[in-house]
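# Analysis of the macromolecular model
Spelled out from the first residue to the last, the chains are:
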Amino acid sequence: MLEIAAFQINCKISISSGFYIQNAVLQVVHDLRFHGCGERPLQDKVKRSSRRNACLSPLLAFHFLLHRSLQFFHFKMRCTILIAALLGIAVSARPPSMIFGRPHGGFLRNPHFEETEQKPWLCQTKNTKNNTVCGYGNVTQLVDHFNSSNKDTWQQRYQFNMQYYKEGSGLVFFMLGGESAIDGASEKWAFNENITFITWAAKHGAAIFQAEHRFFGTSRPKPDQTTKNIIYLTVEQALEDYSHFIDAMNAKFKFPNPRWMTFGGSYPGSLSAWFRATYPKKTIGAVSTSSAVNVFTDYYGYVDNVQKNIRDVDPNCEKHIREGFNKMISMMYTPDGPKQLKTQFGLCDDFPSPMTPKASQFFFQNIYGVFQGINQYTKDNKGLPRDTLTLENMCGIVNKTANPVAAVYAVVKWNNDLTNPGCIGNSYANYVKTYGDGSYDHPDVQEARSWIWLTCTALGYSQTTDGGNNGIFGSTVPADFFTDQCIDLFGPTYNAAYMDNSVLKYRKKYGGAQNYKGTKCVFPNGSYDPWKDLGLQEQNANARNEVYAMWIEKGAHCSDMYPALDDDSQSLQDARKKIEAYVDQFVSESETAKKTSNASVTAKVSAVLALLVTLTLGLFP
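From a predicted model like this one, the values you see are computed outputs, not experimental measurements.

A word on unusual backbone geometry. A cis amide bond links Ser353 to the next residue, Pro354, at an omega of 0 degrees. When you line up the elements, Pro354 lands in the loop between helix H9 (337-345) and helix H10 (357-376). Within the chain, Phe215 stands out as a residue other than glycine whose phi angle is a positive 70 degrees. With respect to the helices, strands and loops of the structure, Phe215 is situated in the loop between strand S7 (207-211) and helix H4 (227-230). The class of Phe215 is buried, set by a relative accessible area of 0%. The residue Cys558 is not glycine, and still its phi comes out positive at about 65 degrees. Considering the arrangement of structural elements, one finds Cys558 in the loop between strand S14 (547-552) and helix H17 (570-619). With a relative accessible area of 0%, Cys558 lands in the buried category.

If you want it as structure tokens, here you go:
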């Protein structure tokens, strides 16, 4: 007898859904409701009948769906999927909710807009003079900026938006790309007038650019991401890319006396701060939102902050979740516990027998990753309606479920049904095989692999449960779970010592949070953001250097960057006003400096002319 589980999902097959069809994964489709296909029992050998009532066999149905998805790229359907493990066929798994703290699509989530909104959002492609005012472009970059003997180049993709630009101002607002592609929904960050920094660009008459980070999206310095090639993915190379990009755009668009200001959130927020510190003459200021500039290897403070935030919402919720995880931990090494957990959580894969530490760690990371994502983006105006995936709603689900393990599962199911339905992958070996793939065949895998590389070689950011003190998730995910991934995905060189030394190097190089080496930079952070302890906070501010920090009470990760809503909290509204005031200040100071520079040049020219006149009169009295 086969054990078969049926469940309803909103299916979305796309050319970019590589993980879900990775490694010849097959889904057995029962009751496929499209093209007039009616309900048929699983044991029936379905044959083609009339055109109107045609039904496909499960295997043919899968191939038909794949063919249609490749032909039309994206389409949605409502279907009922019946999953079966038959003759060794693997069931496709949803990827982990968080990978080294990164959700699908990157940290800076797509802002929430109505589905009826059409491209190119609010950017008109031509102005009254028939000039192109917004769109995409490519700029040639060196693969290695720091090796003069390496002449290899690649194409970096960027977006430009000139519809607000005031001729002659030379003012440019530059959104730095980070750990995701800049196309698709993310292009709204360059084109939609509701985005916060775009409203400021319109106010000041600034041009707008967004450039893609190397090894993300289609900005690919090398033909693949194998270890020998991904070594060109470094913070220094990315910053130099942006420096050269500014030079190239100044030449292309002929900005007079160019004045650039950088913006970014999360990892790009750190890049914005580090760029300001590294190339102070290239910019007039920077905004660095929710940036973890104090890079750290074993960041157990992340989980501690998640626990504190849940407790702040409801102490009973915190207690119930802890009880659930404690029970799950005790089940893990009992004879029947792993099977029970697999059934209850809808896992795609069996646990190994005997149980291994890595298998246990992988399971708990995937489960507590769901709680990470809910906390990190609670009420931030991102893709889902703001009041859906919130800590308050999560605790409501937890508190109404009596059994603590069932309560944990209820949260996981609620989150997954809303974001990415499917069974949960439970094989660390399959995970390593998937993200060890150095090809560009699967965009989400490509970007996650690049992000993991950055954490292994520069940033750290391991969200461990090493904080102790009766942690809500137990001591389930130690530091070696993350450092072992670095070895398994990139080779034995990239061990724990390598990560520790690299993180220390970058913290010293840019000053971390306590000794930030830049000037004219703004650092907003939210009190609900688990990354906040790695950010530059008010006690680290330096007014003399115009380094400012602010606190957004109950603010989420990057919440100040999203479009403003009428019911935003007062603290969020106040923070946006403060950031805007600092942006105004940097712009005003640059205008004063520009006038002073122009006056100085005029004075020097006048002095030279006067000298020439004097010499001329002296020679010809």
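From this point on, the discussion continues.
This part covers helix H15 (residues 479-490). Side chains of residues three or four places apart in an α-helix project in the same direction, reflecting 3.6 residues per turn. End to end, H15 covers 17 Å across 12 residues, agreeing with the expected 16 Å (1.5 Å per residue, within 8%). Turning to H15, its buried residues number three or more, namely Phe481, Phe482, Thr483, Gln485, Cys486, Leu489 and Phe490. Turning to H15, the residues buried within the fold contact H4, H10, helix H13 (428-435), helix H14 (443-459), strand S12 (460-462) and helix H16 (496-510).

Within this structure, the stated rule accounts for 3 disulfides. Across a sulfur-sulfur distance of 2.3 Å, Cys317 and Cys395 are joined as a disulfide pair. Disulfide Cys317-Cys395: the torsion about the S-S bond is -80 degrees, which places it as left-handed. Taken together, the positions of Cys317 in helix H8 (residues 315-332) and Cys395 in helix H11 (residues 391-399) put the pair 78 residues apart, joining distant regions of the chain. As far as burial versus exposure is concerned, Cys317 and Cys395 are alike and both buried.

Along the chain, Asn250 turns up in helix H5 (residues 235-253). A polar atom in the side chain of Asn250 sits 2.8 Å from the side chain of Trp260. Not counting residues up to four positions away in its chain, the partners in contact with Asn250 are Phe255, Pro258 and Trp260.

Here helix H7 (residues 301-313) crosses H11 at 75 degrees, and the two axes come no closer than 10 Å. By the angle class used here, H7 and H11 are roughly perpendicular. Taking contact as the criterion, the partners of Asn309, Ile310 and Val313 in H7 are, on H11, Leu391, Glu392, Met394 and Cys395. Considered class by class, the residues forming the contact of H7 with H11 number 5 nonpolar, 1 polar and 1 charged.

What follows deals with the pattern of salt bridges. Per the counting criterion, the structure on display carries 19 salt bridges. A salt bridge links Asp152 to Lys222; the nearest nitrogen and oxygen atoms lie 3.9 Å apart. With Asp152 in the loop between strand S4 (134-142) and strand S5 (153-161) and Lys222 in the loop between S7 and H4, the pair connects residues that are 70 residues apart, well separated along the chain. Here Lys222 falls in the buried class, since its relative accessible area comes to 17%.

How each quantity is defined
Residues numbered from 1 in each chain as written. Predicted model: local features only at pLDDT ≥ 70, side-chain atom pairs only at ≥ 80, totals over all residues. Heavy atoms only, no water. Helix = DSSP H or I, 4+ residues; strand = E, 2+ residues; numbered from the N terminus. Buried < 20%, exposed > 50% of the residue type's maximum accessible area, 1.4 Å probe, protein only. Expected span 1.5 Å × (residues − 1). Contact = heavy atoms within 4.5 Å. Disulfide = S-S within 2.5 Å. Polar contact = N/O pair within 3.5 Å; in protein donor to acceptor, adjacent residues only side chain to side chain. Axes fitted to C-alpha atoms, helices over the stretch in contact; angles between N-to-C directions. Parallel < 35°, antiparallel > 145°, perpendicular 65-115°, else oblique. Nonpolar A, V, L, I, M, F, W, Y, C, P; charged D, E, K, R; others polar. Salt bridge = Lys/Arg side-chain N within 4 Å of Asp/Glu carboxyl O.

What is shown is where atoms sit, not what they do.
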